[in-house]
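One-letter residues, chain by chain:
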Amino acid sequence: MNAFVESAESGSFTGAAVKLGVTPAAVSKNVVRLEKELQVRLFHRSTRRLALTTEGQTFLAQVGSALRSLNEAADQLTRTNAEPQGRVRITSGISFGRQFILPALAKIARRFPKLEMELNLDNRTVDLVGSGDDIGVRVGELHDSSLIARPICPLISVLVASPAYLRQHGTPATPEDLKDHRVLGLQFASGEMAKWRFKNVSGRGTIKWVPHAQVWTSDPDLFMELAASGEGISQAALQHAAPLLRSGRLKLVLHDQYEHEGRQIFLCYPDRQFLSQRVRVVVEALCVDLAAQPDLGLRLNAIPREWCAS
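Our subject in this report is the structure included herewith. (Residues numbered from 1 in each chain as written. Predicted model: local features only at pLDDT ≥ 70, side-chain atom pairs only at ≥ 80, totals over all residues. Heavy atoms only, no water.)

**Some remarks on helix 5 (residues 94-111)**
Now for step 1: With 18 residues, helix 5 extends 25 Å between its outermost C-alpha atoms, agreeing within 8% with the 26 Å of an ideal straight helix rising 1.5 Å per residue.
Now for step 2: I101 marks where helix 5 bends most, by close to 40°; the proline P103 follows one to four residues later. (Helix = DSSP H or I, 4+ residues; strand = E, 2+ residues; numbered from the N terminus. Expected span 1.5 Å × (residues − 1). Bend = angle between axes of the 7 residues up to and from the residue.)

Dropping the structure here:
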């Protein structure tokens, strides 16, 4: 039953095998045995993916909730007295994982010595089910409705430059002035260039501009360091730039005219009824630690004026 439900949820025997800790061949054999006992085909099989038959869809609806209840009951019994143990895999974007997730995991490791935590840093969106990761940090709209999403903070985009650069080249007063400045461009893992968005003076919509940069990278941390070294104007996330803004190495540029966007950063994990104790304690501890991070609580209406270029 577990092999069938997990295969249906993940769309493959491989995904089910990762969740159950067995081989894909073992999952396949269990599903075949179930089909023989029921004398009905539950899946259409192809070389790339599984698809439920009509009978399989009906069977999943009937047994899925019952099996989840059994798993949850067993999990409650085992976690009452047992200390969390085992490996928890977390995936995150490079900057956020390096600055916020990794330090939090070090604290969690001290609290739960039997836990092993693996942090995979990747700016591409990772399929949690297919990759075998237990927890993921996601930005923006979530397309997988099977995931539970806990909001962490808004992602606030800003433009930054060093005081030395602004003294030498001047501070842009309007977006049009940027054509006379060195700008540093961010490239997403998909290959798309990050657009800079400015408020329309008419009050309607936004103006999107792809910076004409000589240097591009997919690592925003590198551009913040280049900007802090006086190499040009860069886009950054406010929570990542905050330490350099606080120290005075960076200043906000065109702050009142830039469209800071309203995307959200989420902590995601599979449906809580399938959540094991080891994953549950890491999720809760991460949420508590991230909620206490002052830079993740920054809001546009509370930014110190001394952070802005004059």
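**Concerning the sheet that holds strand 8 (residues 183-186)**
Now for step 1: The strand order 11-8-12-7-13 describes an open sheet built from 5 strands, whose pairing is mixed. The outermost strands of the open sheet, each flanked by one partner alone, are strand 11 (216-217) and strand 13 (251-252).
Now for step 2: Pairing of strand 7 (residues 157-161) with strand 12 (residues 233-237) involves 4 bridges; the strand directions are antiparallel. Residue V160 lies in a different strand from strand 12, and its bridge partner there is S234.
Now for step 3: Its contacts with the sheet put helix 8 (residues 220-228) on strand 7, strand 8, strand 11 and strand 12, and the angle it makes with strand 8 is roughly 175°.
Now for step 4: Along the sheet, helix 9 (residues 238-247) makes contact with strand 7, strand 12 and strand 13, crossing strand 12 at roughly 120°. (Pairing = 2+ DSSP bridges. Contact = heavy atoms within 4.5 Å. Axes fitted to C-alpha atoms, helices over the stretch in contact; angles between N-to-C directions.)

**Some words on the sheet that holds strand 6 (residues 147-155)**
Now for step 1: Ordered by their spatial adjacency, 5 strands build an open sheet running 4-3-5-14-6, and the pairing between neighbours is mixed. Strands at the two margins of the open sheet, each flanked by one partner only, are strand 4 (115-121) and strand 6. Across the sheet, the mean angle separating the axes of adjacent strands is 20° when strand polarity is ignored.
Now for step 2: Here 8 bridges tie strand 6 to strand 14 (residues 263-270), and the two strands are oriented antiparallel to one another. Bridging across to strand 14, P151 finds its partner in F266.
Now for step 3: Its contacts with the sheet place helix 5 against strand 3 (86-92), strand 4, strand 5 (135-139), strand 6 and strand 14, and it is angled at close to 175° to strand 4.

**Considering helix 10 (residues 277-291)**
Now for step 1: Here helix 10 contains 15 residues, and its C-alpha end-to-end distance of 21 Å stays within 8% of the 21 Å for a straight helix at 1.5 Å per residue.
Now for step 2: Here helix 10 has its buried residues at Q277, V279, V281, V282, V283, A285, L286, C287, D289 and L290. (Buried < 20%, exposed > 50% of the residue type's maximum accessible area, 1.4 Å probe, protein only.)

That's the geometry; what it means functionally is another story.
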